[in-house]
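Below, each chain spelled out in residue letters.
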Amino acid sequence: MEFFIHNLAPIMFAGLIVFLMLGFPVTFSLGACGLFFGFIGIELGVLPEALLQALPLRIFGIMQNDTLLAIPFFTLMGLILERSGMAEDLLDTIGQLFGPVRGGLAFAVIFVGALLAATTGVVAASVISMGLISLPIMLRYGYDRRIASGVIAASGTLAQIIPPSLALIILADQLGRSVGEMYKGAFIPGFVLTGLYVLFIMGVAIFRPNWVPALPLSARTIREDNGKSGLMSLLLLTVVSTLLAVYLGENYAHVVDMVKGTTGSNPPTDETIVVSLFSGVFLAFVLALLNKTLRLGLLSNIAERVTFVLIPPLLLIFLVLGTIFLGVATPTEGGAMGALGAIIMASARGRLNYSLLKQALVSTTKLASFVVFILIGSTVFSLVFQGVDGPKWVEHLLGDLPGGQLGFLIVTNLLIFFLAFFLDFFELSFIVVPLLGPVAEKLGIDLIWYGVLLGVNMQTSFMHPPFGFALFYLRSVAPFKAYFDKPTQKEIAPVTTMQIYWGAVPFVIIQIIMVGLIIAFPGIVSSGLDKEEGLSADQVQMEMMNATQEGPADAASTEVPTTDSEHPPSEDPMKMMLESMNKDATKK
C-alpha cells in the first residue's frame, strides 16, 4: 500500500494508457481515470476531500474562456468556403497556370493547400477537396500514384501549422499563451515547410520527370484568342504589385511617421509584412477591376482569371490574420470576421443556400462539442493528477535528462513523434502537452517557440502510416477500383492503400527535417522578431530584495515588471489550494 501511495502519479498515467488501449473514447477515458484515482486518493488520505469541489469551477472556467470561441468561428469559415466551391476554382485556375511545367499540378496542389490552410484551418476539408478535384486529373495525365497521393495529403495537413490553425488555438490554450502570439510564431515556419514541399517536387521533376509530367496542350483551356498563353501579362501585373509591396515594406516606417506625425517609428516586422503584402494584392485587384470595367484589354484571360480567383481568399486572409497581427482584433474577433466574410463571399458567388449553411453549422457544432468534451475530460484528469504531484513526477522524469534543454527537446519530440502513430493531435494536445509545458518553462524554453515546434511535430500524426487521418481522408475519396475516364477514353487503374502509405513517407521525413531546422535555427519562429526586453527571473528577485530592504513605504511605491513567460517559482496555485484544504481539514 505504501508503494501505491508514493507512486500514485505514474500508476494514474499508466491507468489512462490502459483505458485508451481498451478503446474507450478519449474524453470518457480522461474523465473516468481522473474520478477513479481521485476517489482512491481520497480513501488513501493522499488527497483532501475538498479537492473535487474545485472541479465545477474549472468546468465553468472552460465555458467562460473566450479564446475557445475561435474554434467554431474558424471551423464555420472553412466549411462554408470549402462547400461554396472555392477550392475547385483555385485548383482549376492554379492548375492551368502551372500546367505547362513538369510537376505543375503538384505545385498547384501545394500552393492551393497553403492557401486553403490560411483560409480554412481544417485538415479534413482541404484533403477531401483536393482529393476529389485534383487526384482524378493527376491520374488522368500520368502522375505517379505515390507522388499524387503524398502531395495531396501533405498539402492538406498544412492547415495544422499555417494560421488560423485549430491546433495552434488548442496548443496556446494548453500552454497558457496568447493565440495571436502563437499565430505570429507559426507564420514563417508554415511557409518554410511549404517551400520544402516545393523543393521536393522540383527534385522529383528533375530526376524523375516521368512521375510528374506537364499538362498536354489540349488540357490547357485558358488561352487567348490568338492561341497564346497570356502569361506575360500576368507576369507584368505580378512585377508591378511586387514592386509596390517591396517599396512599401522598405519605407513603411516613414509612412507610419507621416500618419502619426512622429519621427523614428519602428513598426513590428510582422505588421510591415502584412501591410506590404496587402497593398500589393489590393493594387493587382484594382488594376484587374479597372481593366475589366473599362474594357481596356490590357490583361490576358489567365491574368484576369488568376486575379479574380486568388484575390478574394487573400483579402479574407488579411481580414482574419492581418487584423490579428496588427493588434486590431483578438483571434476570437478575427474568427468572427472571417466567418462573416466567408458567408459574404459565398453569397456573392451565388453559392450560399439553406442546405449549405445547415451542413456547415451542423459540422461546426459537432467539432466544437467534440473539443469541449475532451477539454472537460482533460480538466478532470489534470486536477487529480496535479493533486497527486503528477507534475513533479514528470519534472523529475524529464527535467534531469542529459543535455539540458537540447536533451529535453530531443526526447519530447521523439515521444510526440511515436505517440502520433496512435493518437491524433487533439489527444496529444490535451493529454501530453499539459505535462510537458511546465517542464519546458522551468528549463527556460519559450513556450510560444515550443508550441510551434510541437505543432510542426504533431502534424505528422495526420501523415503517419497506418493511422494517419489525412491518409484515411484521401483513401475515402481515392478510386479503389479501375474506372473509365471519359475525356481520355482510357481505363484508369485504382490507387491502392500501400501507394498512399508510401507516398506519405517522404513528406513525413520533410516534416521531421522541419522540426530539426526549428531546433537548430530558433529564429525561424517569428514570435521572437519584435519581442520587447523584459527582466529575467534573477533581476525580478533582485528588485524584490531591494524593495524589501528599502522598507514598506518605498516597497509600496515600487512596481516590479514581469513578463508573461516568467513566474516566480513559488507561485503554484494547486499547491497553495491543497495546503489551504489540508489546513481546513486539520482545524475540523
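Rules used in this analysis
- Numbering of residues begins from 1 in every chain and follows the order in which that chain's sequence is written.
- A pLDDT threshold of at least 70 governs which residues receive local features in this predicted model, and a stricter bar of 80 or more applies before side-chain atom pairs are shown or counted, although totals over entire chains, interfaces and linings include all residues.
- The side-chain figures draw on all heavy atoms in the structure; neither hydrogens nor water molecules are used.
- Only DSSP runs of H or I reaching four residues or more are called helices, and only runs of E reaching two or more are called strands; each is numbered from the N terminus.
- A simple rule labels every residue: compare its accessible area, found with a 1.4 Å probe on the protein chains alone, to the largest value its type can have, and call it buried under 20%, exposed over 50%, or partly exposed in between.
- Contact criterion: two residues are considered in contact whenever any of their non-hydrogen atoms come within 4.5 Å of each other.
- Using the Shrake-Rupley algorithm and a 1.4 Å probe, accessible areas are obtained, with residue cover drawn only from the displayed protein chains.
- Expected helix span is taken as 1.5 Å per residue step, with the number of steps being one fewer than the number of residues.
- Definition of a polar contact: a pair of N or O atoms within 3.5 Å, with one able to donate and the other able to accept a hydrogen when the atoms are protein atoms, and with sequence-neighbouring residues admitted only if both atoms are side-chain atoms.
- Only buried residues count toward a nonpolar core. Its members are Ala, Val, Leu, Ile, Met, Phe, Trp, Tyr and Cys residues joined through side-chain atoms within 4.5 Å.
- Known as pLDDT, the predictor's confidence for each residue is given on a scale from 0 to 100.
- Fitting a line to C-alpha atoms yields each axis, with helices limited to the stretch in contact; the angle taken between N-to-C directions then spans 0 to 180 degrees.
- An angle below 35 degrees is read as roughly parallel, one above 145 as roughly antiparallel, one from 65 to 115 as roughly perpendicular, and any other as oblique.
- Each crossing is labelled by how the near helix is turned from the far one, with a counterclockwise turn of less than a right angle marking it left-handed and a clockwise turn marking it right-handed.
- In this count, Pro and Cys sit with the nonpolar residues alongside Ala, Val, Leu, Ile, Met, Phe, Trp and Tyr, while Asp, Glu, Lys and Arg are called charged and the others, Gly among them, polar.
- Take a side-chain nitrogen of Lys or Arg and a carboxyl oxygen of Asp or Glu: if they are within 4 Å of each other, that pair is a salt bridge.
- The residues that make up patches have over 30% relative accessible area and no salt bridge, and they are joined within 9 Å when like-charged or within 5 Å when they are Val, Leu, Ile, Met, Phe, Trp or Tyr.
- Every definition here rests on a 1 Å grid over the protein atoms only: cavities are sets of points where a 1.4 Å probe fits but cannot get out, pockets are open sets enclosed by protein on both sides within 12 Å along at least five of seven lines, and lining residues have some atom within 4 Å of a point.
- Grid points are joined across faces, edges and corners, and a volume is the space filled by probe spheres set on the points.

## A few points about the overall build of the protein
- Within the protein, the secondary structure is distributed over 26 helices and two strands.
- Taken over 588 residues, the protein has a buried fraction of 47%.
- Sequence separation of 24 or more characterises 77% of the internal contacts of the protein that already satisfy a separation of 6 or more.
- In the structure as shown, the protein presents an accessible area of about 28,300 Å², 65% of it carried by carbon and sulfur atoms.

## Digging into helix α16 (residues 331-348)
- The terminal C-alpha atoms of α16, which comprises 18 residues, lie 25 Å apart, in line with the 26 Å expected from a rise of 1.5 Å per residue.
- Three or more residues of α16 are buried, namely Pro331, Thr332, Gly334, Gly335, Gly338, Ala339, Gly341, Ala342, Met345 and Ala346.
- Buried residues in α16 make contact with α5 (70-83), α6 (86-98), α11 (179-207) and α15 (301-325).
- A positive backbone phi angle near 75° is found at Gly350, which sits one or two residues after α16.

## Regarding the side chain of Thr323
- With respect to the helices, strands and loops of the structure, Thr323 is situated in helix α15.
- Polar contacts involving the side chain of Thr323 include one to the main-chain carbonyl oxygen of Leu319, which spans 2.6 Å.
- Of the polar contacts made by the side chain of Thr323, one reaches the backbone oxygen of Val320; its length is 3.0 Å.
- Ignoring anything within four residues of it in the chain, the contact list for Thr323 reads Phe318, Val328, Ala329 and Met337.

## Focus on the nonpolar core
- In terms of nonpolar packing, the biggest core is built from 162 residues, with Phe74, Met138, Val151, Tyr183 and Tyr450 touching the most fellow members.
- A total of twelve residues in this core trace back to one element, the largest contributor, which is helix α7 (residues 104-119).

## As for the confidence of the model for the protein
- Looking at the protein, the pLDDT average stands at 80 and 88% of residues meet or exceed 70.
- Model confidence for the protein, summarised as mean pLDDT per element, is weakest for helix α25 (residues 552-556) at 39 and strongest for helix α23 (residues 497-520) at 92.
- Predicted confidence is poor over residues 532-573, with pLDDT under 50, and the contacts of this stretch with residues over four places away or in other chains come to 20 contacts.

## Examining the packing of α5 against α15
- Between α5 and α15, the least distance of the axes is 13 Å, while the angle of their chain directions is 165°. When the axis of α5 is compared with that of α15, the two are roughly antiparallel. Where α5 crosses over α15, the handedness of that crossing is left-handed. For the pair α5 and α15, the contacting residues are Phe74, Met77 and Leu81 in the first and Leu316, Val320 and Ile324 in the second.
- Broken down by class, the residue content of the contact of α5 with α15 amounts to six nonpolar, no polar and no charged.

## Regarding the pattern of salt bridges
- For the structure on display, the rule yields six salt bridges.
- The residue Arg146 makes a salt bridge to Asp144 at a minimum N-O spacing of 3.2 Å.
- By relative accessible area, which is 35% here, Arg146 ends up partly exposed.
- Salt-bridge contacts for Glu181 lead to Lys184; the nearest nitrogen and oxygen are separated by 3.7 Å. Of this pair, Glu181 and Lys184 both sit in helix α11, three residues apart, roughly one helical turn.
- Residue Glu181 is classed as partly exposed on the basis of its relative accessible area, which comes to 30%.
- In this structure, a network of salt bridges that share partners links the residues Asp89, Arg349 and Arg351.

## A short note on the environment of Leu447
- With respect to the helices, strands and loops of the structure, Leu447 is situated in helix α21 (residues 447-458).
- As a C-alpha pair, Leu447 and Gly437 span ten residues in sequence and 7.1 Å in three-dimensional space.
- For Leu447, the residues in contact, after removing those within four places along its chain, are Leu175, Arg177, Met182, Gly437, Ala440 and Glu441.

## Some thoughts on the side chain of Gln511
- Relative to the helices and strands, Gln511 resides in helix α23.
- A relative accessible area of 0% means that Gln511 is categorised as buried.
- Only 3.0 Å separates the side chain of Gln511 from the side chain of Tyr197, close enough to count as a polar contact.
- For Gln511, the residues in contact, after removing those within four places along its chain, are Thr157, Leu193, Tyr197, Val456, Gln459, Thr460 and Met463.

## A word on a nonpolar patch on the surface
- Taken together, the side chains of Met232, Leu235, Leu236, Val239 and Leu243 make up a nonpolar region of the molecular surface, amounting to roughly 510 Å² of accessible area.
- With respect to the element layout, Val239 can be found in helix α12 (residues 231-250).

## Quick word on the layout of surface pockets
- In this structure, the second largest pocket encloses a volume near 1,200 Å³.
- Lining the second largest pocket are 35 residues, and of these Phe111, Leu115, Leu277, Val281 and Leu314 sit closest to its centre.
- Looking at the lining of the second largest pocket, the elements with two or more residues in it are α6, α7, α11, α12, α14 (269-293) and α15.
- No other element matches the ten residues that α15 contributes to the lining of the second largest pocket.
- Broken down by class, the residue content of the lining of the second largest pocket amounts to 26 nonpolar, nine polar and no charged.

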